[in-house]
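Residue-level structure breakdown
Now for the letters of each chain:
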Amino acid sequence: MRLQAVYKPTAAERIDAVIHPIPVGSIVSVRDTIAAVRKGDPFLQETDCELVEIIVDEARFRGQFVLFDIRES
């Protein structure tokens, strides 16, 4: 019997999938991006702080702006 590995996207790949449709020069919401990533994988091991770091890196690479709205109510 052969075992087959199950592919699980990384946090960076999940974030990339969320912010990819956002046009260059537009704003990426940290709160909305983290919510979408957590919804797609509720058992993701990265903390919110680690996700914010990835979001900033990905958005900067894509020419997008980051809205740090995580503490808004």
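Up top you'll find the structure we're talking about.
What counts, and where the lines are drawn
Residues numbered from 1 in each chain as written. Predicted model: local features only at pLDDT ≥ 70, side-chain atom pairs only at ≥ 80, totals over all residues. Heavy atoms only, no water. Helix = DSSP H or I, 4+ residues; strand = E, 2+ residues; numbered from the N terminus. Buried < 20%, exposed > 50% of the residue type's maximum accessible area, 1.4 Å probe, protein only. Contact = heavy atoms within 4.5 Å. Areas by Shrake-Rupley, 256 points an atom, 1.4 Å probe, with all protein chains shown as cover. Lys, Arg positive; Asp, Glu negative; His and termini not counted. Charge placed at Lys NZ, Arg CZ, Asp CG, Glu CD.

1. Some words on the overall build of the chain
- A tally of helices and strands in the chain yields three helices and two strands.
- Beginning at the N terminus, the succession of helices and strands in the chain can be written as α-β-α-α-β.
- With respect to the three principal axes, the spread of C-alpha positions in the chain is 50 × 25 × 15 Å.
- Here the chain, with 73 residues, has 26% of them falling under the buried criterion.
- Residue pairs at least 24 apart in sequence account for 64% of intrachain contacts in the chain once pairs closer than 6 positions are excluded.
- With an accessible surface of roughly 5,600 Å², the chain has 59% of that area assigned to carbon and sulfur atoms.
- For the chain, the distance from the average position of its 9 positive side-chain charges to the average position of its 12 negative side-chain charges is 5 Å.

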